[in-house]
Every structure is written in structure tokens, then in C-alpha cells.
Amino acid sequence: SEITVEVQFTKCTLHGLDLAMLAFPHPLRFVECTFIGPVSFISCGFAAGMGIQDCEFRETASFQVQCPAGSTGISMVRTKFKRFVSFLDCWIVSGGLQFEDVCFERGTNLAPRPGRKRFWEIKGPPKGGHTSLHNAAIEGSLSMVQLVVESKV
């Protein structure tokens, strides 16, 4: 299903969120929100990007997202994840991933375990975006993930 309007949650307390198999042609934004229950973005498409700013996730979060050509990608700023975060099978064609002052307290599969080879890759510099971890704290367990960031010319 497609959500045809721009959606922004501001200063919300969400007891759980499941946005499986939804397409967002306009930006989806979360600002100063607290997620008390599990959060799921399984098979979500973000044609105009997704932003998460000044939020706290108290339970698990799953991101299996797609950002097609022309997307601004995914941005997370000053956000804390208290439980494990999964980025399994993310396809970011444009816009890139930006993490600034993000804390993964119980780990994430965004990075490989110490001593193992990285399994995600970046193909070319993403047009109009980049992938960065800036002041990101990753604590707890780390595991493998397939995360592909491509640039389509």
C-alpha cells in the first residue's frame, strides 16, 4: 500500500509500530519520539527518504528498507536504540545512510563482529548522498548484514 501524504510524528510516544510493506512517496519523519514497543519497517519503500531525529527506541527495531533512485536516503540524528537493531537486507540506491550521534546500546548487524570481514558494501559514491557513522556508539553484539548502497547513473 502507498501512503500518499507526507507523514511526520513529533513528540509522540508509540507503544509499537509496524509499517510492513508500505511505500512512502513523500518523506517520513520522526522527531522527539519515544518508541516503547517493537518497531518494524519490513519491506518499506522511501522514495523521498526517512528521517529520525532526537528519538529513543526502547525495544527491538527492524529496518528492511528500500530507497530508490532520487531518494534522500535515511538519516538518524541524536537517536538512542536500547535494544538490538536489525538492518537486514537494506537496498539504498540513492541518498545514502547518515548516522550522527546515534547509540546502539545492545548492538546492531550494521557492522561485522570483530575479526570478521565486512559483508555490506558501497558501490560507487551514492549520488546525492553518502554513508557515514559520525559519533556513533555501537555496544553489545555485532553480526553480519547485507546492506547494499548503489549509485545508478
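In what follows, the structure referred to is the one given above.
Being a predicted model, the structure only gives us computed values, none of them experimental. (Residues numbered from 1 in each chain as written. Predicted model: local features only at pLDDT ≥ 70, side-chain atom pairs only at ≥ 80, totals over all residues. Heavy atoms only, no water.)

## Side note on the packing of aromatic side chains
Okay, so step 1: Under the counting rule described, the total for this entry stands at 14 aromatic pairs.
Okay, so step 2: The interplanar angle of 65° and the centroid separation of 6.0 Å between the aromatic rings of phenylalanine 99 and phenylalanine 104 together place this pair among those described as edge-to-face. There is no split in this pair, since phenylalanine 99 and phenylalanine 104 are both buried.
Okay, so step 3: Feature note: the residues Phe9, Phe24, Phe30, Phe35, Phe41, Phe46, Phe57, Phe63, Phe81, Phe87, Phe99 and Phe104 constitute an aromatic cluster, connected by ring pairs. (Phe/Tyr/Trp six-rings, centres within 6.5 Å; stacked < 30°, edge-to-face > 60°. Buried < 20%, exposed > 50% of the residue type's maximum accessible area, 1.4 Å probe, protein only.)

## Notes on unusual backbone geometry
Okay, so step 1: Although it is not a glycine, lysine 11 sits at a positive phi angle of roughly 55°.
Okay, so step 2: Considering the arrangement of structural elements, one finds lysine 11 in the loop between β1 (7-10) and β2 (13-14).
Okay, so step 3: Classification of lysine 11 as exposed rests on a relative accessible area of 60%. (Helix = DSSP H or I, 4+ residues; strand = E, 2+ residues; numbered from the N terminus.)

## A closer look at the nonpolar core
Taken as a class, soluble globular proteins show a tendency for nonpolar side chains to be buried jointly.
Okay, so step 1: Residues Phe30, Phe41 and Phe63 are the most contacted members of the largest nonpolar core, which totals 34 residues.
Okay, so step 2: Secondary-structure elements contributing two or more residues to this core are β5 (28-31), β7 (39-46), β8 (50-53), β10 (61-67), β11 (74-81), β13 (90-92) and β14 (97-104).
Okay, so step 3: Contacts of phenylalanine 41, omitting those with residues within four sequence positions, involve Leu17, Leu19, Leu28, Phe30, Phe46, Met50, Ser62, Phe63, Gln64 and Val65. (Core = buried A, V, L, I, M, F, W, Y, C linked by side-chain atoms within 4.5 Å. Contact = heavy atoms within 4.5 Å.)

## Description of the pattern of salt bridges
Okay, so step 1: Inspection of every chain in the model, using the stated rule, returns 6 salt bridges.
Okay, so step 2: With a closest N to O distance of 2.7 Å, arginine 58 and glutamate 56 form a salt bridge.
Okay, so step 3: Using a relative accessible area of 38% as the deciding quantity, one classes arginine 58 as partly exposed.
Okay, so step 4: We note a salt bridge from glutamate 105 to lysine 82, for which the minimum N-O separation is 3.9 Å. With a gap of 23 residues between them, glutamate 105 in the loop between β14 and β15 (107-108) and lysine 82 in the loop between β11 and β12 (85-86) connect regions that are remote in the sequence.
Okay, so step 5: With relative accessibility at 25%, the residue glutamate 105 sits in the partly exposed group.
Okay, so step 6: Each of Lys80, Lys82 and Glu105 takes part in one network of salt bridges that share partners. (Salt bridge = Lys/Arg side-chain N within 4 Å of Asp/Glu carboxyl O.)

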